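Structural description and commentary
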Amino acid sequence: MASLAPPPSLSLHAVPGRARLAGAGAGAGARGRRRRVSVVRAKVREIFMPALSSTMTEGKIVSWTAAEGDRVAKGDPVVVVESDKADMDVETFHDGIVAAVLVPAGGTAPVGAPIALLAESEEEVALARARAQAISQGQSQEPPAPHAAAAPAPPPPPAPVAAPATKGVATPYAKKLAKQHRVDVTGVVGTGPHGRVTAADIEAAAGIKPKPKPKVAPPPPPPHATVRPAPPVLPPVPGGKVVPFTTMQAAVSRNMVESLSVPTFRVGYSMITDKLDALYEKVKLKGVTKTVLLVKAAAMALTQHPVVNASCRDGKSFSYNSNINIGVAVAIEGGLLTPVLEDVDKLDIYLLARNWRVLLKKSRTKQLQPHEYNSGTFTLSNLGMFGVDRFDAILPAGQGAIMAVGASRPTVVADKDGFFSIKSEMQVNVTADHRIIYGADLAAFLQTFAKIVEDPESLTL
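Residues numbered from 1 in each chain as written. Predicted model: local features only at pLDDT ≥ 70, side-chain atom pairs only at ≥ 80, totals over all residues. Heavy atoms only, no water.

Right, let's get into the pattern of salt bridges. The final tally for this structure, using the stated rule, is seven salt bridges. Note that Asp389 and Arg409 form a salt bridge whose closest N and O atoms lie 2.8 Å from each other. Here Arg409 lies in strand β18 (residues 401-414) and Asp389 lies in the loop between β17 (378-382) and β18, a separation of 20 residues in the sequence. Note on Asp389: relative accessible area 36%, which makes it partly exposed. For Arg409, a relative accessible area of 37% translates into the label partly exposed. (Salt bridge = Lys/Arg side-chain N within 4 Å of Asp/Glu carboxyl O. Helix = DSSP H or I, 4+ residues; strand = E, 2+ residues; numbered from the N terminus. Buried < 20%, exposed > 50% of the residue type's maximum accessible area, 1.4 Å probe, protein only.)

Structural data, given as structure tokens:
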């Protein structure tokens, strides 16, 4: 198939930032006819730092999958970005050539900032690199076109025309004052617009001191507008080493500080886990962990107490969440993640265990997708596996409650008949948002949770 070529009378002129198609005939101007010039913008696009989560404000470049000069197609991954939760591949939305990398590997950039330039063809690569150099120098405009004629300087502004003198012309009130104080208006030099005589000019001519203006008290500050001073920055400990936060640690710090603004309360509850431990021994060979059993028990209790699964995000209302998505705190190197098991109440423990293994693997390689860590409606943190008896957890932002699970310990327990026996007992503490969940709500939820744990046969249904 033959390619379409432009007519011989037209030529293509390369200009940085645009391509101009103009008439090449020399006699066009002699005939007095002006040809229409069409302007086509060159295809140089910016690759921006994406927002990979709702809390992400900046990202760190882990590595560039595509190097400068590589040709990429729409949908190809070009860069790996470390957000506050995970490392994610960022794809390009256009075909083209990676002409210039603005942020190298290891660098950071705010969300929405350009991190690379993508040229549509080889012809725009030089233009893109010139633009990259301009950006690195802090210039927002494109470089001027080589060999381009300088634009004519704008004409100088016209000189201001002096207003005609209006000596003797007075305001009505000035005329009234002049008559009262017997002042000849024609002999007073006006200080008003265009030399107009004002009342102040008459008073000055008559030797009258102007009345002092009443002092206006400053308006009171609006309520709740007190500015809290920033906490002092403590000096480093002598001999110590200052280590800046990683992206994940900075995100955890922001979220924890934000959570402290929520009014919370804590309720503890003890329960016997002998039957749960026996069930765990039966199902652990199929990959079901104790954490998965506790997550399933929590979901079953939440179906009966939906207010504990609710959330308040704006401080003015709260919403009942239709899904029960339970995040589980996972410690990884350099931070903390809460991968989310979705629709826990609708899945059996074996499918939950399989999903949990996938989430754990993604967490440790920092490959979680946003919906796999920011869709939680309830959170469970299990430090019992490390031998911790009891602890309190900080409420995640946007959730109604978080459960802290301690270890099961052999404990002497008295039954209702007064007989003593040794049973395994587990302590759980729940931190809840007191704006939407009250003490009675949380107590009822914990009673239901304890009944499921102490008689766990329903977990296998």
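Once that is clear, we can look at helix α4 (residues 247-259). Relative to the 18 Å expected for 13 residues at 1.5 Å per residue, α4 spans 18 Å between its end C-alpha atoms, a close match to the ideal helical length. Taken together, the buried positions of α4 are Thr247, Met248, Ala251, Asn255 and Ser259. Projected down its long axis, α4 carries its buried residues within an arc of 105 degrees, all on one side. (Expected span 1.5 Å × (residues − 1). Arc of directions from axis to C-beta.)

We now examine unusual backbone geometry. A positive phi angle, close to 50 degrees, is found at Asp343, a residue other than glycine. Structurally, Asp343 can be placed in the loop between β16 (340-341) and α7 (349-364). Classification of Asp343 by relative accessible area gives partly exposed; the value is 24%.

One can find Pro110 in strand β10 (residues 108-110). Exposure remark for Pro110: the relative accessible area of 47% places this residue in the partly exposed category. Considering only alpha carbons, one finds Pro110 and Thr57, 53 residues apart in sequence, at a separation of 5.9 Å.

What follows covers the sheet that holds strand β8 (residues 87-91). What holds strands together in a sheet is hydrogen bonding between their backbones, with the strands either parallel or antiparallel. With antiparallel pairing, four strands are arranged side by side in an open sheet as β8-β7-β5-β10. Each edge of the open sheet is held by one strand with a lone partner, namely β8 and β10. Here the average twist between neighbouring strands, direction ignored, is 40 degrees. One ladder, built from four bridges, connects strand β5 (residues 58-64) with strand β7 (residues 77-82); its direction is antiparallel. Pairing of Ile61 across the sheet is with Val81, part of β7. (Pairing = 2+ DSSP bridges. Axes fitted to C-alpha atoms, helices over the stretch in contact; angles between N-to-C directions.)

Before going further, it helps to examine the packing of aromatic side chains. Inspection of every chain in the model, using the stated rule, returns three aromatic pairs. Taking 5.4 Å as the distance between ring centres and 65 degrees as the angle between the ring planes, the aromatic pair formed by Phe318 and Tyr320 counts as edge-to-face. Three or more aromatic residues link up through ring pairs in this structure, and these residues are Phe378, Phe445 and Phe449. Over the face of the ring belonging to Tyr280 we find Lys290, whose NZ or CZ atom lies 5.4 Å from the ring centre. (Phe/Tyr/Trp six-rings, centres within 6.5 Å; stacked < 30°, edge-to-face > 60°. Lys NZ or Arg CZ within 6 Å of the ring centre and 35° of its normal.)

Reading across the sheet, the four strands line up as β4-β11-β9-β6 and stay open at both edges, with antiparallel pairing between neighbours. Of all strands in the sheet, those bounded by a partner on one side alone are β4 (44-48) and β6 (71-72). The sheet contact formed by strand β9 (residues 96-101) and strand β11 (residues 114-119) spans four bridges and is antiparallel. Residue Ile97 lies in a different strand from β11, and its bridge partner there is Ala119.

Positionally, Glu82 belongs in strand β7. Setting aside its immediate chain neighbours within four residues, Glu82 contacts Gly59, Lys60, Val62, Asp87, Thr247, Met248 and Lys366. (Contact = heavy atoms within 4.5 Å.)

The subject of this paragraph is a nonpolar patch on the surface. A surface patch of nonpolar side chains, about 330 Å² in accessible area, is lined by Leu383, Met385 and Phe386. In this fold, Phe386 is placed in the loop between β17 and β18. Among the residues examined, Phe386 registers a relative accessible area of 62% and is labelled exposed. (Patch = residues over 30% accessible without salt bridge, like charges linked within 9 Å, V, L, I, M, F, W, Y side chains within 5 Å. Areas by Shrake-Rupley, 256 points an atom, 1.4 Å probe, with all protein chains shown as cover.)

Across the interface, helix α2 (residues 172-180) lies against helix α3 (residues 199-206) with an axial gap of 8 Å and an inter-helix angle of 20 degrees. Considering the angle they form, α2 stands roughly parallel to α3. As for the relative orientation of α2 and α3, their crossing is right-handed in sense. Packed against α2, whose contacting residues are Tyr173, Ala174, Leu177 and Ala178, the element α3 presents Ala199, Ile202 and Glu203 at the interface. Tallied by class, residues from the contact of α2 with α3 come to six nonpolar, no polar and one charged. (Parallel < 35°, antiparallel > 145°, perpendicular 65-115°, else oblique. Left-handed = near helix turned anticlockwise from the far one by under 90°. Nonpolar A, V, L, I, M, F, W, Y, C, P; charged D, E, K, R; others polar.)

For the rest of this paragraph, the subject is the nonpolar core. Residues Ile115, Val308, Ile326, Phe378, Met403, Phe445 and Phe449 are the most contacted members of the largest nonpolar core, which totals 76 residues. When residues in this core are grouped by element, the largest group, nine residues, is from helix α6 (residues 290-304). (Core = buried A, V, L, I, M, F, W, Y, C linked by side-chain atoms within 4.5 Å.)

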